[in-house]
Every structure is written in C-alpha cells, then in structure tokens.
Amino acid sequence: GLDPVTGQWSTTEDFFWDAYLSELLEYYTDRNPTTLIINGDLVDFLQVLSIPNPEERVAFDISPDELHPKYGLRDTEHAAEFLMVKVLNGHARFFEALALFVGRGNDLVIIKGNHDVQFFWPGVQRRLVDRLQQLCVRNRLTCDPSRVRFAPWCYCIPGLIFVEHGNQYEGTTAFRNFLMPILPYDLPNGRRELELDLSGVLIRFMTNR
C-alpha cells in the first residue's frame with residue numbers, strides 16, 4: 001500500500017483504487033442492512049515484502065526461525081500478523097470505510113482465496129477485526145465483532161446463494177488441504193507454517209526476487 005510516512009506506494013502494489021472502493025462502501029453504509037461478501041484475495045500477502053525491524057520483531061514475537069535470509073518472512077501466524085498490519089496501514093482509507101460500513105449495522109463475510117490463505121490464522125483475523133473496532137471507536141461507532149465472519153472455504157445460504165473463490169479447480173492454485181493448509185513439519189521453534197499452492201511457491205521463491 002501507501003507508506004503513511006513517505007507517501008510512496010510499495011513497489012509490488014497493484015491496487016490503487018481505495019478511494020473508489022470507499023465510495024462504494026459509503027453508498028451502501030446508511031441504506032438497508034447489507035451483507036458484503038469478499039470472495040477471496042482481499043490481501044495479497046505474498047506481495048508484501050516488508051521485513052520487520054528489531055522493534056517489530058519483538059512486538060510481533062517473530063523469531064529468527066521465521067525470517068529466511070534470502071526469501072524473507074516464512075508463512076507463520078506471527079509473520080502473517082505483521083504483514084496484515086502493514087496492509088492495514090498502507091490502505092488506511094479503505095479499511096476505515098470498511099469499519100464504518102460494519103459499524104453502521106452491516107455485515108462482512110471474508111472468504112479466503114489462494115492469495116490470502118493466511119486468513120486461516122486466527123491471529124490474522126483478530127488483527128483485522130481489532131483494527132475495524134479501533135476505527136469505529138475513533139468515529140464514535142460500535143463495531144460488533146460478530147458482524148465480521150471468516151468463511152473457511154465458501155459461503156452458502158441454501159436455496160439463495162453459493163460463493164466460492166474457485167482456486168481449488170485449477171491445478172496451480174489448488175491446495176492439498178484448503179481447510180487445513182499446514183506443512184507436515186514444524187519450524188525449529190515449534191511453530192507451524194502454511195503449505196502454499198504451486199503459484200504461491202513460484203511467487204515467493206522466484207518472481208518476488
């Protein structure tokens with residue numbers, strides 16, 4: 001996103017329309033109660049190449065085992081929380097609009113996709129909900145956390161709607177276990193790491209460099 005200090009966009013950013021998306025949310029915020037379904041890839045975690053400084057490593061409890069010297073942060077829960085906060089800061093206008101949308105009585109459903117499988121981690125979900133609540137308080141609103149739901153795979157209301165990201169139908173973006181996308185071994189510090197799809201592996205180890 002946009003660096004709040006320097007005013008510069010990240011070199012890997014490819015979404016520059018926060019203002020337009022905010023206007024869309026503002027249009028629906030004060031109308032009839034609305035459910036917004038975000039059908040995957042809200043955040044492109046693998047394109048966030050920020051490396052935590054020493055203070056941030058302490059704040060997010062990121063151990064040396066979670067930072068590869070060549071390929072950056074591993075896909076652990078603590079590392080993903082750090083990346084989530086970077087995105088929240090880099091797209092402040094959009095997330096404030098999202099907070100106002102929820103704070104005024106609307107519902108939000110987030111379905112994880114292959115680019116944001118990190119929403120599997122409870123800590124990442126909590127970081128997003130906590131920021132929405134903080135933004136609501138700043139605008140003198142109450143953000144009911146029960147209005148923000150994270151779908152583990154798809155969203156379905158029988159007889160009405162079925163929403164699925166669809167990555168599991170393409171070989172390069174399918175996960176061996178999308179409901180539990182965890183590698184079968186632990187890091188030296190005992191923490192778990194996500195098992196990426198093939199496209200995620202290519203992004204992390206090839207195209208990012």
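From a predicted model like this one, the values you see are computed outputs, not experimental measurements. (Residues numbered from 1 in each chain as written. Predicted model: local features only at pLDDT ≥ 70, side-chain atom pairs only at ≥ 80, totals over all residues. Heavy atoms only, no water.)

Turning our eyes to something else, we now look at the nonpolar core. In this structure, Met84, Phe95, Leu108, Phe119, Leu128 and Leu132 are the most contacted members of the largest nonpolar core, which totals 43 residues. Contributing elements (two or more residues each) for this core: helix H3 (77–90), helix H4 (92–103), strand S4 (107–111), helix H5 (122–138) and strand S5 (148–151). With eight residues, H3 is the single largest residue contributor to this core. Not counting the four nearest positions on each side in its chain, leucine 108 is found in contact with Leu36, Ile38, Leu98, Val102, Leu132, Arg147, Val148 and Arg149. (Core = buried A, V, L, I, M, F, W, Y, C linked by side-chain atoms within 4.5 Å. Buried < 20%, exposed > 50% of the residue type's maximum accessible area, 1.4 Å probe, protein only. Helix = DSSP H or I, 4+ residues; strand = E, 2+ residues; numbered from the N terminus. Contact = heavy atoms within 4.5 Å.)

Bringing the layout of surface pockets into the picture now. Each pocket or cavity is described by its volume, and for the largest pocket that value is around 810 Å³. In terms of lining, the largest pocket is formed by 37 residues, of which the most central are Gly1, Glu13, Val48, Val87 and His91. Of all elements in the fold, only helix H1 (18–29), strand S1 (35–39), H3 and H4 reach the threshold of two or more residues within the lining of the largest pocket. A class-by-class count of the residues in the lining of the largest pocket yields 17 nonpolar, 13 polar and seven charged. By volume, the second largest pocket amounts to about 230 Å³. Lining the second largest pocket we find 15 residues, and of these Val48, Leu49, Tyr71, Leu73 and Asn208 sit closest to its centre. (1 Å grid on protein atoms, 1.4 Å probe; cavity = no way out; pocket = protein on both sides within 12 Å on 5 of 7 lines; lining within 4 Å. Points joined across faces, edges and corners; volume = space filled by probe spheres on them. Nonpolar A, V, L, I, M, F, W, Y, C, P; charged D, E, K, R; others polar.)

Let us look at H1. A turn of α-helix holds 3.6 residues, and therefore any two residues three or four places apart point the same way. End to end, H1 covers 16 Å across 12 residues, agreeing with the expected 16 Å (1.5 Å per residue, within 8%). Turning to H1, its buried residues number three or more, namely Asp18, Ser22, Leu25 and Thr29. The buried residues of H1 occupy an angular sector of 65 degrees when the element is viewed end-on, so they sit on one face. (Expected span 1.5 Å × (residues − 1). Arc of directions from axis to C-beta.)

What describes two packed helices is the angle between their axes and the distance between those same axes. Orientation of H4 relative to H5, taken along the N-to-C sense of each, is 75 degrees, at an axis distance of 8 Å. As the angle between them shows, H4 and H5 are arranged roughly perpendicular. Facing Phe95, Glu96, Leu98, Ala99 and Gly103 of H4, the residues of H5 in contact are Leu128, Leu132, Leu135, Cys136 and Arg138. In terms of residue class, the contact of H4 with H5 is built from seven nonpolar, one polar and two charged. (Axes fitted to C-alpha atoms, helices over the stretch in contact; angles between N-to-C directions. Parallel < 35°, antiparallel > 145°, perpendicular 65-115°, else oblique.)

Turning our eyes to something else, we now look at the sheet that holds S5. Overall, parallel pairing links the three strands, which are arranged S1-S4-S5 in an open sheet. Lying at the two open borders of the sheet, with one neighbouring strand each, are S1 and S5. Each adjacent strand pair in this sheet contributes to an overall mean axis angle of 15 degrees, direction not counted. Here four bridges tie S4 to S5, and the two strands are oriented parallel to one another. Looking at the pairing, isoleucine 110 lines up with phenylalanine 150 of S5. Sheet contacts for H4: S1, S4 and S5; angle to S4, the most-contacted strand, approximately 125 degrees. Across the sheet, H5 lies against S4 and S5, angled at about 160 degrees from S5, the strand it touches most. (Pairing = 2+ DSSP bridges.)

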